[in-house]
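# What the coordinates show
Residues per chain, in single letters:
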Amino acid sequence: MPEITYREALNQAMAEELERDETVFLMGEEVAEYDGAYKVSKGLLERFGERRIVDSPISELGFTGLGVGAAMTGLRPIIEFMTFNFSILALDQVINSAAKMYYMSGGQISLPMVFRGPTGAALQLSAQHSQACETWYVHAPGIKLVTPGTPADAKGLLKAAIRDNDPVAFMEGELLYNVKGEVPDAEDGDFVIPLGQADVKREGSDVSIITHGKMVHVALQAAAKLQKEDVEVEVVDLRSLRPLDVEAILKSVHKTNRAVYLEEGWPYVGIGAQIVATIQEEAFDYLDAPVLRVTQADVPMPYAKNLEKLAKPDVNRVVAACNKVLYRN
């Protein structure tokens with residue numbers, strides 16, 4: 001399999017789906033003439049034309065609503081947000097229209113569409129452009145949420161999201177676009193990863209780190225560090241937050257009897273709160289220690305580089321949490 005970047009994997013996924021299904025189209029700010037703000041749509045305008053690769057005005061509420069209407073009529077739009085921070089302007093269309101329409105129409109109207117773009121902090125983009133937006137989307141029934149952490153997962157999950165008949169929020173860690181990994185190409189067959197299936201990125205027996213998206217790499221670094229101290233960490237990459245692979249979470253906890261949840265978002269009513277509640281309800285008798293969470297600090301993201309570093313979850317904090325549930329400190 002060729003080794004390509006995360007952004008190239010996303011580009012491949014969209015190109016293959018645009019080729020396979022003429023109802024698929026891409027719309028967003030600078031996706032066409034400029035090849036996308038992060039070059040994810042590079043070359044797609046030249047290949048598929050301006051009717052299917054559509055530059056939009058700087059109006060998230062407007063072009064998201066246009067996408068919702070297109071999906072209601074049978075098309076499969078991919079709506080790109082330059083960053084999910086900007087999608088806050090379009091939440092009315094996402095939550096009140098896209099997520100609810102199938103239910104409110106009694107199953108008569110499906111909305112097969114994808115909202116995709118970068119999420120979370122990058123480097124010194126300050127509070128308004130550094131938010132991990134997963135919690136806002138995953139809270140609403142009717143919308144699925146996918147957060148791939150590797151190039152292969154990015155391709156396989158995006159293809160599945162585009163084919164899904166429900167609206168899917170597809171969140172890409174902003175610092176992942178240059179990450180490389182082996183990814184099946186078109187010659188390897190139709191590479192699709194079903195939504196709602198977690199993946200064990202590293203086998204272990206002492207403690208489970210459950211995570212998703214960009215934090216998968218932090219978890220793997222923490223696991224490598226702990227291995228030098230003879231601690232075997234299992235890293236469970238959820239990949240989808242809704243639907244959630246509860247079975248994979250419980251299987252890992254049954255195996256290790258200890259768990260740490262790692263996420264980039266804020267702690268208050270975060271994704272980790274749901275995960276901890278699930279483990280407590282379904283696997284309490286298997287736990288040998290309380291489940292701990294490692295998150296961003298409960299503050300708007302600082303601009304100052306030293307404060308930004310302190311606010312983000314990092315390897316040392318994950319290692320400390322693992323040691324705590326192992327009663328090693």
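Each remark here, short or long, concerns the structure printed above.
Residues numbered from 1 in each chain as written. Predicted model: local features only at pLDDT ≥ 70, side-chain atom pairs only at ≥ 80, totals over all residues. Heavy atoms only, no water.

Counting secondary structure elements, the protein chain contains twelve helices and 14 strands. In terms of overall dimensions, the protein chain is globule-like: its C-alpha atoms have a radius of gyration of 20 Å, near the 20 Å expected for 329 residues. Projecting the C-alpha coordinates of the protein chain onto the three principal axes gives extents of approximately 60 × 45 × 40 Å. Considering only contacts in the protein chain between residues 6 or more positions apart, those separated by 24 or more positions represent 81%. Summing over all exposed atoms, the protein chain offers an accessible surface of approximately 14400 Å²; the carbon and sulfur share of this is 52%. (Helix = DSSP H or I, 4+ residues; strand = E, 2+ residues; numbered from the N terminus. Rg over C-alpha atoms; globule rule 2.2 N^0.38 Å. Contact = heavy atoms within 4.5 Å. Areas by Shrake-Rupley, 256 points an atom, 1.4 Å probe, with all protein chains shown as cover.)

Turning our eyes to something else, we now look at the sheet that holds strand β11 (residues 233–237). With mixed pairing, the five strands of this open sheet are ordered in space as β9-β11-β10-β13-β14. Among the strands making up the open sheet, the edge pair consists of β9 (199–202) and β14 (292–294). Mean inter-strand twist for the sheet, computed between neighbouring axes without regard to direction, equals 25°. By the bridge criterion, five bridges tie strand β10 (residues 207–211) to β11 in an arrangement that is parallel. (Pairing = 2+ DSSP bridges. Axes fitted to C-alpha atoms, helices over the stretch in contact; angles between N-to-C directions.)

Take the packing of aromatic side chains next. Given two aromatic rings, one states the distance between the centres and the angle between the planes to describe the pair. Taken as a whole and judged by the stated rule, the model has six aromatic pairs. Judged by centre distance (6.0 Å) and plane angle (75°), the ring pair of Y6 and Y177 falls under edge-to-face. In this pair, Y6 is assigned in helix α1 (residues 6–20) and Y177 in the loop between β7 (168–173) and β8 (180–182), connecting sequence segments 171 residues apart. Judged by its relative accessible area of 2%, Y177 is buried. (Phe/Tyr/Trp six-rings, centres within 6.5 Å; stacked < 30°, edge-to-face > 60°. Buried < 20%, exposed > 50% of the residue type's maximum accessible area, 1.4 Å probe, protein only.)

With that out of the way, let us pick up helix α3 (residues 60–72). With 13 residues, α3 ought to run about 18 Å at 1.5 Å a step, and its terminal C-alpha atoms sit 18 Å apart, in line with that. Looking at the buried residues of α3, the elements they touch are β2 (24–28), β4 (76–80), α4 (91–98) and β5 (114–119). (Expected span 1.5 Å × (residues − 1).)

This part covers the sheet that holds strand β6 (residues 144–146). Strand pairing in a sheet relies on backbone hydrogen bonds, with the paired strands running either antiparallel or parallel. Sheet architecture is open: seven strands sit in the order β3-β2-β4-β5-β7-β6-β12, paired in mixed fashion. Both outer strands of the open sheet, β3 (53–55) and β12 (240–242), are each paired with one neighbouring strand and no more. Taken pair by pair, the neighbouring strands of this sheet meet at an average axis angle of 20°, ignoring direction. As judged from the five bridges shared by β2 and β4, these two strands associate in the parallel manner. Considered in β4, the bridge of G28 is made with E80.

Judged by how many residues are buried, β10 sits mostly within the fold: five of five residues are covered. Covered by surrounding structure in β10 are V207, I209 and T211 together with S208 and I210, the residues of both alternating faces. A crossover links β10 with its parallel partner β11, the connecting element being helix α8 (residues 215–227), and its sense is right-handed. With three bridges connecting them, β10 and strand β13 (residues 259–262) associate as parallel partners. What sits directly across from I210, in β13, is Y261. (Right-handed = clockwise from strand over helix to strand, strands pointing away.)

Of all hydrophobic cores here, the largest spans 42 residues; its most connected members are F115, Y137, I210, L238 and I279. Listing elements by their share of this core, those giving two or more residues are β2, α3, α4, α6 (134–138), β7, α9 (246–256), β13 and α10 (271–283). Listed in part, the 30 residues of the second largest apolar core include V31, I78, V114 and A161. (Core = buried A, V, L, I, M, F, W, Y, C linked by side-chain atoms within 4.5 Å.)

Quick look at unusual backbone geometry now. The step from R242 to P243 runs through a cis peptide bond, and the omega angle for that step is 5°. With respect to the helices, strands and loops of the structure, P243 is situated in the loop between β12 and α9. Look at V269: it is not a glycine, yet its phi comes out positive at around 55°. Structurally, the position occupied by V269 is in the loop between β13 and α10.

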